[in-house]
Amino acid sequence: RRKRIGRNVEQVVGSVLGRPVEHAKMGTQMLRDLGLGSLRMIQLLADIEERFSIKVRDEQVTGENFGTLDRLIRFVEAQVGEMKP
C-alpha cells in the first residue's frame, strides 16, 4: 500500500512530524526546532524527492543546510520550477 504524501512542502513536513505545521510560524521555524533530527530529516527529504520528483539529498545535504522551513520550501520550489517547460 502506497503511503500518502502531501500535496505541498508544508503538508509533507506535517506528514513526517505527525502533526500540521503552524502556518504563522512557518517562515522562520527552524527545522531542528520542529523535531527534525537527522533520521527525520532523511525521511523528510526522501518524501520530498518522491512527491515532487526532484533530487534534494546528497552526501552533503542535511537539515543544517536549509536551517529554516522557509529556506527548504524555497529550495524545493526552485527545483520544481527548473523542471517546468
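Preceding this section is the structure that the text describes.
In this text the structure is predicted, and so the values were computed from the model without any measurement.

Q: I'd love a proper account of the overall build of the protein, names of residues and values included.
A: Counting secondary structure elements, the protein contains four helices and zero strands. Taken over 85 residues, the protein has a buried fraction of 36%. In the protein, of all internal contacts separated by at least 6 residues, the share reaching a separation of at least 24 is 63%. Looking at the protein as shown, the accessible area adds up to about 5,800 Å², and 49% of this sits on carbon and sulfur atoms.

Q: I'd love a proper account of the pattern of salt bridges, names of residues and values included.
A: Per the counting criterion, the structure on display carries two salt bridges. With a closest N to O distance of 3.0 Å, Arg-74 and Asp-70 form a salt bridge. Here Arg-74 pairs with Asp-70, and both are found in helix H4 (residues 69–83), just four residues apart, close to one helical turn. Classification of Asp-70 by relative accessible area gives partly exposed; the value is 28%.

Q: Explain the packing of aromatic side chains to me, using residue names and the numbers behind them.
A: The tally for this structure, following the rule as stated, stands at one aromatic pair. Note that Arg-51 overlies the ring of Phe-52, its terminal NZ or CZ placed 5.0 Å from the centroid.

Q: Give me the lowdown on helix H1 (residues 9–17), citing residues and values where you can.
A: Here H1 has its buried residues at Val-9, Val-12, Val-13, Gly-14, Val-16 and Leu-17. Where H1 begins, one side-chain oxygen reaches toward the backbone nitrogen of Glu-10, 3.2 Å away; that side chain belongs to Asn-8. A positive phi of about 85° marks Gly-18, the residue just after H1.

Q: Now, about the environment of Glu-82: what can you tell me, with residues and values included?
A: With respect to the helices and strands, Glu-82 occurs in helix H4. Each C-alpha atom of the pair Glu-82 and Ile-54 lies 9.9 Å from the other, and the pair is 28 residues apart in sequence.

Q: So what's going on with the environment of Gly-14? Which residues, and what values?
A: Tracing the chain through its elements places Gly-14 in helix H1. With 30 residues separating them along the chain, Gly-14 and Leu-44 place their C-alpha atoms 9.5 Å apart. The contacts of Gly-14, once residues within four sequence positions are left out, are Arg-19 and Val-21.

Scoring rules and cut-offs
- Residues numbered from 1 in each chain as written.
- Predicted model: local features only at pLDDT ≥ 70, side-chain atom pairs only at ≥ 80, totals over all residues.
- Heavy atoms only, no water.
- Helix = DSSP H or I, 4+ residues; strand = E, 2+ residues; numbered from the N terminus.
- Buried < 20%, exposed > 50% of the residue type's maximum accessible area, 1.4 Å probe, protein only.
- Contact = heavy atoms within 4.5 Å.
- Areas by Shrake-Rupley, 256 points an atom, 1.4 Å probe, with all protein chains shown as cover.
- Salt bridge = Lys/Arg side-chain N within 4 Å of Asp/Glu carboxyl O.
- Phe/Tyr/Trp six-rings, centres within 6.5 Å; stacked < 30°, edge-to-face > 60°.
- Lys NZ or Arg CZ within 6 Å of the ring centre and 35° of its normal.
- Polar contact = N/O pair within 3.5 Å; in protein donor to acceptor, adjacent residues only side chain to side chain.

Geometric descriptors of this kind do not, in isolation, establish any biological role.
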